[in-house]
Amino acid sequence: MINRLEATQYLMRHLTNEPVIASCGNPKYDLFSAEDRKENFYMWNSMGMASSTGLGLALARPDKKVIILDGDGAILMNLNSLTTAASKSPPNLIHIIWDNRSYQITGGQATHTAGKANLAQIARGAGFEKVLTLDTLEAFKQALPKVLSEPGPWVVVAITDNCGAPGRPPKSPTYIKHRFMEALGSRR
Amino acid sequence: MWAETIVKVLKENDIRSISFLPDTVIGKILNYAVKDGSFELITLAREEEGVGIVTGEYLGGRRGVLMMQSAGLGNSVNALASLAIPYQIPFLLLISQRGELGEFNACHVTMGKALRGILDALGIQHFTLRREDEVEITMRGAIKTAYTSEQPVAVILSSELVGWKDEK
């Protein structure tokens, strides 16, 4: 199993100015704890919308690789977004799903990936061709250069443990937005 | 004609993409958009994801419009309330209304009646198009207000304008 914070830290060491969209729940805590930067977009609610927001950004900005940090609970709430993303297939989209098979933030109740659901198979069925399931930090480290350099779209299902990260990102949605847009040069 | 005018105003206001879940009314708009050729068309599987997609586009500096039938607003409420509104994401929400004059399907009436109440409860400004001669000014004004206020603004296409759907 992968420690999510360690994997996020490793990922951030390999990024320069790529935008990262972090889902509500724990992905945004890990991202902030690993590295707070202007190119991070922290979602405080709208569960499931990280995948769609990342898709919209990737379509609008083909010049940027867009990384989505999602959770199993969140993507299970917006599974249809995988079919939309696969249909559009922007090559600059990297969708990482931390799959800890639980709703960690509400007390660790099991999600359906703890039962019979398999997110990688769902992603393939939605139409993604580049899909990886990684269950050790070593495998994650080994796969990352390829994921970051080869055209996608990629879906990476990373099987993680249930450890938490200590940091908490800024809470003002408009601060997060303005900072993010400024970094991307997209303010008018 | 209203559908052509809508596409013209979208283009004039630098709207570059259309995220939609089609109905017959939106289909008429899409026909003009396809003919125009300057929009990226994004077919949605569920309306809620469209809120995320136009949010992402805006964050990247591109303007998108979200088109749905009134039924789809019910599918979109939490994304509007917890993403678009608090993060102040402007876009035009174009809603084709079912459930008012001439409705044949009882299962569209409740959402039709609730439509404006839901938008009001969310604090989303909305304007209804009923006549051909108000399409251009309302569309133009709604888009301007959305980007000025940095909030989604809704324009509702009534059956007075677009005709009602007959049972087939």
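Given the structure is predicted, the values throughout are model-derived calculations rather than measurements.

Undergrad: Lay out the overall build of chain B with the relevant residues and their values.
TA: Regarding its fold elements, chain B presents seven helices and six strands. When its helices and strands are written in sequence order, chain B yields α-β-α-β-α-β-α-β-α-β-α-β-α. Against the compact-globule benchmark of 15 Å for 168 residues, chain B has a radius of gyration of 15 Å, which places it among compact chains. Projecting the C-alpha coordinates of chain B onto the three principal axes gives extents of approximately 40 × 35 × 30 Å. Among the 168 residues that make up chain B, the fraction classed as buried is 55%. Partitioning the intrachain contacts of chain B with sequence separation of at least 6 by distance along the chain shows that 75% fall at a separation of at least 24. Only carbon and sulfur atoms are counted for the fraction: they give 51% of the accessible area of chain B, which is about 6,600 Å².

Undergrad: Report on the environment of Leu21 of chain B, specifying residues and quantitative values.
TA: Residue and element names in this part refer to chain B. Tracing the sequence through the fold places Leu21 in the loop between β1 (15-20) and α2 (24-36). On a C-alpha basis, the gap between Leu21 and Gly99 in space is 18 Å, while along the polypeptide they are 78 residues apart. Residues in contact with Leu21, not counting those within four places in the same chain, are Ile26, Leu44, Ala45, Arg46, Glu47, Met67 and Met68.

Undergrad: So what about the sheet that holds strand β4 (residues 93-99) of chain A? Which residues, and what values?
TA: Residues and elements named next belong to chain A. Ordered by their spatial adjacency, six strands build an open sheet running β2-β1-β3-β4-β8-β7, and the pairing between neighbours is parallel. Each edge of the open sheet is held by one strand with a lone partner, namely β2 (40-42) and β7 (130-134). This sheet shows a mean twist of 15 degrees between the axes of neighbouring strands, independent of strand direction. Bridge count between strand β1 (residues 20-22) and strand β3 (residues 66-71): three bridges; the pairing is parallel. Within β3, the position partnered with Ala22 by the bridge is Leu69. Those strands touched by helix α8 (residues 173-184) are β1 and β2, and its axis lies near 160 degrees from that of β2.

Undergrad: Can you lay out the packing of aromatic side chains for me, pointing to particular residues and giving the numbers?
TA: Residues and elements named next belong to chain A. Counting across every chain of the model gives six aromatic pairs over all chains. Taking the centre distance of 6.3 Å and the plane angle of 65 degrees together, the rings of Tyr29 and Trp44 count as edge-to-face. Here Tyr29, found in helix α2 (residues 26-34), pairs with Trp44, found in the loop between β2 and α3 (49-60); they are 15 residues apart in sequence, far enough to count as distant. Trp44 sits in the partly exposed class, given a relative accessible area of 23%.

Undergrad: Please provide a residue-by-residue account of the interface of chain A and chain B, values included.
TA: Counting residues at the interface gives 32 residues for chain A and 30 residues for chain B. For the pair chain A and chain B, the two sides together bury roughly 2,400 Å², of which 59% comes from carbon and sulfur. Taken as a group, Met49, Lys177 and Arg188 of chain A account for 21% of the area that chain A buries against chain B, more than any other trio of residues on that side. At the boundary of chain A with chain B, the tally comes to two salt bridges.

Undergrad: Tell me about the pattern of salt bridges, residues and numbers included.
TA: Under the definition given, this model contains 22 salt bridges over all chains. One salt bridge in this structure joins Arg46 of chain B and Glu48 of chain B, with 3.9 Å as the shortest N-O distance. Its relative accessible area of 32% is what places Arg46 of chain B among the partly exposed residues. Under the relative-accessibility criterion, Glu48 of chain B is labelled buried at 9%. One connected set of salt bridges, linked through shared partners, spans Lys88 of chain A together with Glu40, Glu57 and Arg62 of chain B.

About the cut-offs
Per chain, residue numbering runs from 1 following the sequence as it is written. Chain letters and ligand numbers both follow the written order, the letters beginning at A and the numbers at 1. Totals for whole chains, interfaces and linings use all residues, but because this is a predicted model, local features are given only for residues with pLDDT of at least 70 and pairs of side-chain atoms are given and counted only at 80 or more. Computation of side-chain values covers all heavy atoms of the structure but excludes hydrogens and water. Elements are defined by DSSP. Helices are runs of H or I of four residues or more, strands are runs of E of two residues or more, and each kind is numbered from the N terminus. Radius of gyration here is computed from C-alpha atoms only, and the compact-globule reference equals 2.2 Å multiplied by the residue count raised to the power 0.38. Type-normalised accessible area, obtained with a 1.4 Å probe on protein chains alone, sets the label of each residue: buried when under 20%, exposed when over 50%, and partly exposed for intermediate values. The contact criterion used throughout is that any non-hydrogen atoms of two residues lie within 4.5 Å. Residue-level accessible areas treat just the shown protein chains as cover; the underlying method is Shrake-Rupley with a 1.4 Å probe. Between any two strands, pairing holds if DSSP finds at least two bridges. With axes taken as lines fitted to C-alpha atoms, and helix axes fitted only over the stretch in contact, angles between N-to-C directions fall between 0 and 180 degrees. The rule is short: rings of Phe, Tyr and Trp, with Trp giving its six-membered ring, pair when the centres are within 6.5 Å, and they are stacked under 30 degrees, edge-to-face over 60, tilted in between. A quick way to say it: buried area is the sum, across both parts, of accessible area lost when two parts are put together, with a 1.4 Å probe. When a carboxyl oxygen of Asp or Glu is within 4 Å of a side-chain nitrogen of Lys or Arg, the pair counts as a salt bridge.

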